[in-house]
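Listed here are the chains, written in short residue letters.
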Amino acid sequence: MNETGNIVIVEDDEDIREGVRLLLEGEGYHVTEAGDGRSGLALIQPETDLVILDVMMPGMSGLKTCEEIRKTSVVPVLFLTAKAQESDKLIGLMSGGDDYLAKPFSYAELMGRVKALIRRYRIYKGKSASTEDESSYLTLSGVRINTDFNEVFVDEQEVELSNLEYKILLLMMRYPKKIFSAQNLYESVWEEPYFYSCNGTVMVHIRKLRVKIEKDPQAPKLISTVWGKGYRFEGTNKVL
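Residues numbered from 1 in each chain as written. Predicted model: local features only at pLDDT ≥ 70, side-chain atom pairs only at ≥ 80, totals over all residues. Heavy atoms only, no water.

Enquirer: Can you walk me through the packing of helix H7 (residues 163-174) against helix H9 (residues 198-213) in this structure?
Expert: The axes of two packed helices give the description: the angle between them and the distance between them. Look at H7 against H9: their axes get within 10 Å of each other, and the N-to-C directions meet at 80°. The orientation of H7 relative to H9 falls into the category roughly perpendicular. Residues Leu164, Glu165, Ile168, Leu169 and Met172 of H7 pack against His205, Ile206, Lys208, Leu209, Lys212 and Ile213 of H9. (Axes fitted to C-alpha atoms, helices over the stretch in contact; angles between N-to-C directions. Helix = DSSP H or I, 4+ residues; strand = E, 2+ residues; numbered from the N terminus. Parallel < 35°, antiparallel > 145°, perpendicular 65-115°, else oblique. Contact = heavy atoms within 4.5 Å.)

Pasting the structure below:
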């Protein structure tokens, strides 16, 4: 068994399939690929850790392929689709999928989903020790964040953050009580020179982040505003 993970990609677009394969192989994964659902089904083995499956394929659709997979396996399925409507996501998950990634997607988004799904599956199968996994988490004020990739829980409920929101939260949780100016955050997270107009960009992302992690975004207790100075994470080992 490959220690990093064994992944099957089922995608009819050859360019997308090759691009995803190269990214995954660069991270040490063993990858097999197919251009249609029926061929993909034949590649799934007991040692398969993840199936990346395109929804819109000629012949057997991704949804139908997932239904067939579920007749014999509980291997996690990550759907790739050009559609981004909430109803499409729901249909995919109802057909047996575990997660959903809309095209176009970033390298960070793909790797975050892949690592999270494989980690959970291996814990479920007893392939990895939870004590090892816990070392990659930072927990403060009821927020648990994976320091390796985009995975965040608030009061044990997983929340979906954009890659930028994740980077902001991780940076602030690494240095609780430290005040970050808008310039600090922008230059650290966006990795670009800061201009005064960038302040609004930071404010928007902080607002969106609060909506996802705060019990009351209008009266935030996790990410506070220090007027005239910036923002800080009110970190504590106690649940706020």
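Resuming the write-up.
Enquirer: For this particular structure, what's the right way to read the sheet that holds strand E3 (residues 50-54)?
Expert: The pairing of strands in a sheet comes from backbone hydrogen bonds and takes either a parallel or an antiparallel form. Read from one edge of the open sheet, five strands run E2-E1-E3-E4-E5, paired in parallel fashion. Lying at the two open borders of the sheet, with one neighbouring strand each, are strand E2 (30-34) and strand E5 (99-102). Strand after strand, the sheet turns through a mean of 20° between neighbouring axes, direction not considered. Of the strand pairs in this sheet, E3 and strand E4 (residues 77-81) are connected by four bridges, and their pairing is parallel. Within the sheet, the bridge partner assigned to Ile52 lies in E4 and is Leu78. Each of strand E1 (6-10), E3, E4 and E5 is contacted by helix H5 (residues 107-124), which is oriented at about 170° to E5, the strand it contacts most. (Pairing = 2+ DSSP bridges.)

Enquirer: Is there a simple way to think about the environment of Ile213 in this case?
Expert: Inspection of the secondary structure puts Ile213 in helix H9. Judged by its relative accessible area of 3%, Ile213 is buried. A C-alpha to C-alpha distance of 9.7 Å links Ile213 and Glu160, two positions 53 residues apart in sequence. Residues in contact with Ile213, not counting those within four places in the same chain, are Val154, Leu169, Leu222 and Ile223. (Buried < 20%, exposed > 50% of the residue type's maximum accessible area, 1.4 Å probe, protein only.)

Enquirer: How do you make sense of the sheet that holds strand E9 (residues 157-159) when you look at a structure like this?
Expert: Sheet architecture is open: four strands sit in the order E6-E7-E8-E9, paired in antiparallel fashion. If you trace the sheet from one side to the other, it starts and ends with strand E6 (137-140) and E9, each paired once. Strand-to-strand twist across the sheet, computed as the mean angle between neighbouring axes with direction ignored, equals 25°. The pairing of strand E8 (residues 152-154) with E9 spans three bridges and is classified as antiparallel. Counted as the bridge partner of Phe153 is Glu158 from E9. H7 contacts E6, strand E7 (143-146) and E8 of the sheet and is inclined by roughly 110° relative to E7.

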